[in-house]
Every structure is written in C-alpha cells, then in structure tokens.
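Read off the chains here:
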Amino acid sequence: GWGAEQLLERASELNPKHFEANAVLAQLLCQRKAFLKSEVFFQRALELPPPPPRSRASDMHCSTLCAYATMLRDGRKDFAGAREVMEKAVTTHPGSARVLGQAAALTWACGGDLERSALLYRQALSVDPTNVETLLEYGALSCEEMGDVILAEEVYQKAVDLQPDHMAAHQALGCLLEARGANEEAAGVFLAALQLDPAHEGLLQAAKRVTAGYVPPEGPAGEVD
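Residues numbered from 1 in each chain as written. Predicted model: local features only at pLDDT ≥ 70, side-chain atom pairs only at ≥ 80, totals over all residues. Heavy atoms only, no water.

Focus on the nonpolar core
Move 1: Core analysis: the largest hydrophobic core is formed by 63 residues, its most contacted members being F42, Y68, M86, V99, Y156 and F190.
Move 2: The leading source of residues in this core is helix α4 (residues 56-75), at 8 residues.
Move 3: Not counting residues up to four positions away in its chain, the partners in contact with V99 are C62, C66, M86, A89, V90 and H93. (Core = buried A, V, L, I, M, F, W, Y, C linked by side-chain atoms within 4.5 Å. Buried < 20%, exposed > 50% of the residue type's maximum accessible area, 1.4 Å probe, protein only. Helix = DSSP H or I, 4+ residues; strand = E, 2+ residues; numbered from the N terminus. Contact = heavy atoms within 4.5 Å.)

Focus: the environment of R76
Move 1: Among the structural elements, R76 can be located in the loop between α4 and α5 (79-92).
Move 2: With residues up to four places along the chain from it excluded, the contact list for R76 reads F35, L36, E39 and M71.

Section: the packing of aromatic side chains
Move 1: Overall, the coordinates contain 2 aromatic pairs when judged by the stated rule.
Move 2: A ring pair is formed by F42 and Y68, whose centres lie 4.9 Å apart and whose planes are at 15°; its orientation type is stacked. You can see F42 sitting in helix α3 (residues 35-46) and its partner Y68 sitting in helix α4, a full 26 residues away along the chain. (Phe/Tyr/Trp six-rings, centres within 6.5 Å; stacked < 30°, edge-to-face > 60°.)

A few points about the state of the cysteines
Move 1: The full count for this structure, using the stated rule, is 0 disulfides.
Move 2: Left unpaired, C66 is separated from the closest cysteine sulfur, that of C62, by 4.6 Å.
Move 3: C66 sits in the buried class, given a relative accessible area of 1%.
Move 4: A disulfide-free cysteine, C175 has its sulfur positioned 10 Å from the sulfur of C143, the nearest such atom.
Move 5: When its relative accessible area of 34% is taken as the criterion, C175 is described as partly exposed. (Disulfide = S-S within 2.5 Å.)

With respect to the side chain of T134
Move 1: For T134, the location among the structural elements is in helix α8 (residues 132-145).
Move 2: If sequence neighbours within four positions are ignored, T134 has contacts with Y121, A124 and L125.

In structure tokens form, the structure reads like this:
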C-alpha cells in the first residue's frame, strides 16, 4: 500500500545502498504500474555488488533481476533492455534453473536469437530436469519455431512421463502426434488423459478428432459439463 511505499522510499533516501528497500519498492511500484519510477529503484538495487551465492539475499537478487526484466518487457515494451537484464541474470546466477528458464522464455518472446533461447532451455533442464513447465516451453520452441518435431515429441513425452496428470502435457504431445498423422498414438495419449479428467473439453474434442467421435463413459459428449 501507499504507507509501505512511503516507508521504503524514505529508507532508500536515507541509505541508497539498501538493496532490500530498493528491490521491494521497485516491485511495489510495478504492481500499480508506475513503471518509470520503479526502474529508478530497480537500477539502484542492481547497481550494488551481487550477494554471495546460495544465500537469502542471492535469491532475492535473482528475483529482482527477473522482475526487472519482466517489467521492461511487459510494462515498458523494452524488449532489448529486458533481454540485456536477463543475460546479466544468467551471468550472475548461472546455476539457477529459474533464471535460465525465464531467460530462455524472454529471449524467445522478445524476438531474440532462437538458438540462444534453445541453449538456455537446455541449460535450465540440466539444472532441473524435472521441471515440466520448462519442458513444455522447450518443446513448443522446438516444434513451432525450429521445426524439430522429433525433439519436441521426445520433450513432451518426458513431460507426460514425469507428471502423468498434467493435462497441458498430454494435449501438447497428443496434438503433435495428430499433426504428424499418428492418430492412433495421439488417441492413446488423449484417452489416457481423459481417464484422469473425463470432462476436460479440450481433450474431449481432440479425442473425437482422432477416434471418429469418441464418446466418454458418462454419456454423449454433449451431456458432459
């Protein structure tokens, strides 16, 4: 709220090198879309030397870099600036799966080098190979932008294997199989997912497409909520 902002701004005035005051204030300002003012405090926080790795302060530094890049991308539409901040985050926190994954996504979204984005996704997955959301993003990049459907299928399959109840993973794998004409395999994926959520509308429609009118066990598709 306004009281917190005023207190933090006063703390920053008294001690411009107070990292936490500047970082928290910057993110509060972002929440009310005061993007230009927030940038002042992001920069003030991030011009300080980074804290020691694997410390609470290091985690906050990592979060602040990610928040700053997101603000530049979404608030200021400064895509080049957002990529630059995330590259700094990668350099400062090379072992952070979160930073690597967000840098990959931001590089892709901001029209950056797709090969660089793919490399960052691979690095993120080398740190945390079980992150299903990162796997799905990497699969989408591989399929949609790089045309590597074989790699995308492998990545989506790994996501499904890791989290069998993840509906988006099933949809991604099934739709890819359907797109390359492997309807029988796609049907297996969609129908397995429908065992977990028989009323999932997207999966119901997909199953109909590849099985000549799939009808769920509860009754005709039209009767499913």
